[in-house]
Amino acid sequence: MKELKILYLYPDILELYGDFGNIQVLRYRLEKRGFKAIIEPYSIGNPPPNFKDYDLVFAGGGADQEQGILAEDLIQYKQSIKEAVNDGVFFLLICGAYQLFGKYYKGVEGNIIPGLEVFDYYTEAIDDRKKRCIGNIVIETELNGKKTKVIGFENHGGQTFNISSPFGSVLMGNGNKFGDNHEGFFLPNVIATYLHGPLLAKNPELTDYIIKYCLDRKYNEDIILEPLDDAFENKCREQLLLLYNC
Ligand code: GLN
């Protein structure tokens, strides 16, 4: 039985707005197709993970305080994370985690949280707790050449700059900063985004894109994923896109 090994970073700390749901959706869409999902958590105090042993690394969102708590622990893995990214391991990073993979995150109190410097972007929160990018968001991205709308929810004070390759263009919502035309950061094996939701629960095509990338890379095959019955998910998406006029 083919399987995917998923490393779930800081599930006890980076758990804002139900981002754990992304792990549940990955597991569901793998197991429904007869693949095995091996999900291993890592948090402060656990033995160091070997990032290259995993097919996918996931980390969710967190408030400034939580980001400050784990940053010191995370930074010790800077080199092995960089090697895993260069090796093609898939990284799915939501909001607070997205920010910590850049150069730094300057919190709402003006405190600088050092990032992993895996990517060149950086994030600075506006020094006014009331000024946050909050609300539903729809972006358009391209997955394997196919334009795809991605639906989510954003809630971040951080404004992210110096993005070389965005995840998508904003159809509704803010994106990387207030009124930005672009959202997130995108490489063939990296999706870093502000979209909570949980992201994958609202976007089955995106989930399958990630699953296919990981399986193809691991087994060196062009694996065709058996379609699942997404009638409910698609009905929900239709209603949301109608509501958002996107
Ligand atoms: N604390 C960060 C910010 O406010 C990230 C928030 C989040 O993960 N939703 O921008």
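Analysis parameters
- Residues numbered from 1 in each chain as written.
- Predicted model: local features only at pLDDT ≥ 70, side-chain atom pairs only at ≥ 80, totals over all residues.
- Heavy atoms only, no water.
- Pairing = 2+ DSSP bridges.
- Helix = DSSP H or I, 4+ residues; strand = E, 2+ residues; numbered from the N terminus.
- Axes fitted to C-alpha atoms, helices over the stretch in contact; angles between N-to-C directions.
- Phe/Tyr/Trp six-rings, centres within 6.5 Å; stacked < 30°, edge-to-face > 60°.
- Buried < 20%, exposed > 50% of the residue type's maximum accessible area, 1.4 Å probe, protein only.
- Lys NZ or Arg CZ within 6 Å of the ring centre and 35° of its normal.
- Contact = heavy atoms within 4.5 Å.
- Core = buried A, V, L, I, M, F, W, Y, C linked by side-chain atoms within 4.5 Å.
- Near = heavy atom within 4 Å.
- Polar contact = N/O pair within 3.5 Å; in protein donor to acceptor, adjacent residues only side chain to side chain.
- Nonpolar A, V, L, I, M, F, W, Y, C, P; charged D, E, K, R; others polar.
- Lys, Arg positive; Asp, Glu negative; His and termini not counted.
- Salt bridge = Lys/Arg side-chain N within 4 Å of Asp/Glu carboxyl O.

K.L.:
Would you mind showing me how to read the sheet that holds strand S3 (residues 56-59) here?
P.N.:
Whenever strands of a sheet pair, they do so through backbone hydrogen bonds, lying parallel or antiparallel. Reading across the sheet, the six strands line up as S2-S1-S3-S4-S14-S13 and stay open at both edges, with mixed pairing between neighbours. Since the sheet does not close on itself, it has two edges, and those belong to strand S2 (36-42) and strand S13 (185-187), each with one partner. The average undirected angle you get between the axes of adjacent strands in this sheet is 15 degrees. Summarising the sheet, S3 and strand S4 (residues 90-94) pair through four bridges and their orientation is parallel.

K.L.:
Please clarify how the packing of aromatic side chains should be interpreted in this entry.
P.N.:
Think of a pair of aromatic rings as described by two things: how far the centres are apart, and how the planes are tilted against each other in angle. Inspection of the entire model under this criterion finds 17 aromatic pairs. Ring centres 5.5 Å apart and planes at 75 degrees place the aromatic pair Tyr 10 and Tyr 42 in the edge-to-face group. One end of the pair, Tyr 10, is in the loop between strand S1 (3-9) and helix H1 (21-31); the other, Tyr 42, is in strand S2, and 32 residues separate them in sequence. Summarising the aromatic geometry, the rings of Phe 119 and Tyr 121 are spaced 6.0 Å apart at their centres and angled 25 degrees between planes, so their arrangement reads as stacked. For the pair shown, Phe 119 and Tyr 121 are each scored as buried. Taken together, the ring pairs in this structure connect Tyr 98, Phe 119, Tyr 121, Phe 185 and Tyr 194 into an aromatic cluster. In this arrangement the basic side chain of Lys 2 is found over the ring face of Tyr 219, its NZ or CZ atom lying 5.3 Å from the centre. In this structure, Lys 5 packs its charged tip against the face of Tyr 54, placed 4.6 Å from the ring centre.

K.L.:
How do you make sense of the sheet that holds strand S9 (residues 146-156) when you look at a structure like this?
P.N.:
Across the sheet, four strands lie side by side as S9-S8-S11-S12; this open sheet has antiparallel pairing. Strands with a single pairing partner mark the edges of an open sheet, and in this sheet they are S9 and strand S12 (182-183). Across three bridges, strand S8 (residues 133-143) lies against strand S11 (residues 168-172) in antiparallel orientation. Among the inter-strand pairings, Glu 140 is bridged to a residue of S11, identified as Ser 169. Each of S8 and S9 is contacted by helix H6 (residues 231-243), which is oriented at about 70 degrees to S9, the strand it contacts most.

K.L.:
What am I meant to see in the nonpolar core here?
P.N.:
Where a protein is soluble and globular, its nonpolar side chains tend to be buried together. Ile 81, Phe 91, Leu 206 and Ile 210 are the most contacted members of the largest nonpolar core, which totals 70 residues. Broken down by element, this core gets its largest block of residues, six residues, from helix H5 (residues 204-219). Among residues more than four places away in sequence, those in contact with Leu 206 are Leu 143, Val 150, Phe 167, Ile 191, Leu 199 and Leu 200. Formed by five residues, the second largest nonpolar core is a distinct cluster that contains Val 138, Ile 151, Leu 240 and Tyr 244.

K.L.:
For this particular structure, what's the right way to read the site of the ligand?
P.N.:
Not every one of the 17 residues close to the ligand is listed here, only the nearest: Gly 62, Asp 64, Gln 67, Cys 95 and Gly 158. Taking Arg 132, its side chain carries an N or O atom lying 3.2 Å from an oxygen atom of the ligand. Here an oxygen atom of the ligand and a backbone polar atom of Gly 158 are 2.8 Å apart. Here the residues of the shell around the ligand are counted per class, giving five nonpolar, 10 polar and two charged.

K.L.:
Please explain the pairing of S1 as it appears in this structure.
P.N.:
For a regular strand, the rule is simple: side chains alternate between the two faces of the sheet. The buried fraction of S1 amounts to five of the seven residues, a majority that puts the element mostly inside the structure. Note that S1 and S2 share seven bridges and pair parallel. Among the inter-strand pairings, Leu 9 is bridged to a residue of S2, identified as Tyr 42. Two elements, S1 and S3, share four bridges in a ladder whose sense is parallel. By the bridge assignment for S3, Leu 9 is matched with Ala 59.

K.L.:
Before we go on, may I ask you to explain the side chain of Glu 233 in this structure?
P.N.:
Turning to its location among the elements, Glu 233 is positioned in helix H6. In this structure, Glu 233 is buried with no salt-bridge partner, the nearest side chain bearing the opposite charge being Arg 29 at 4.2 Å. Those residues within four positions of Glu 233 in sequence are excluded, and the remaining contacts are Arg 29, Ala 201 and Pro 204.

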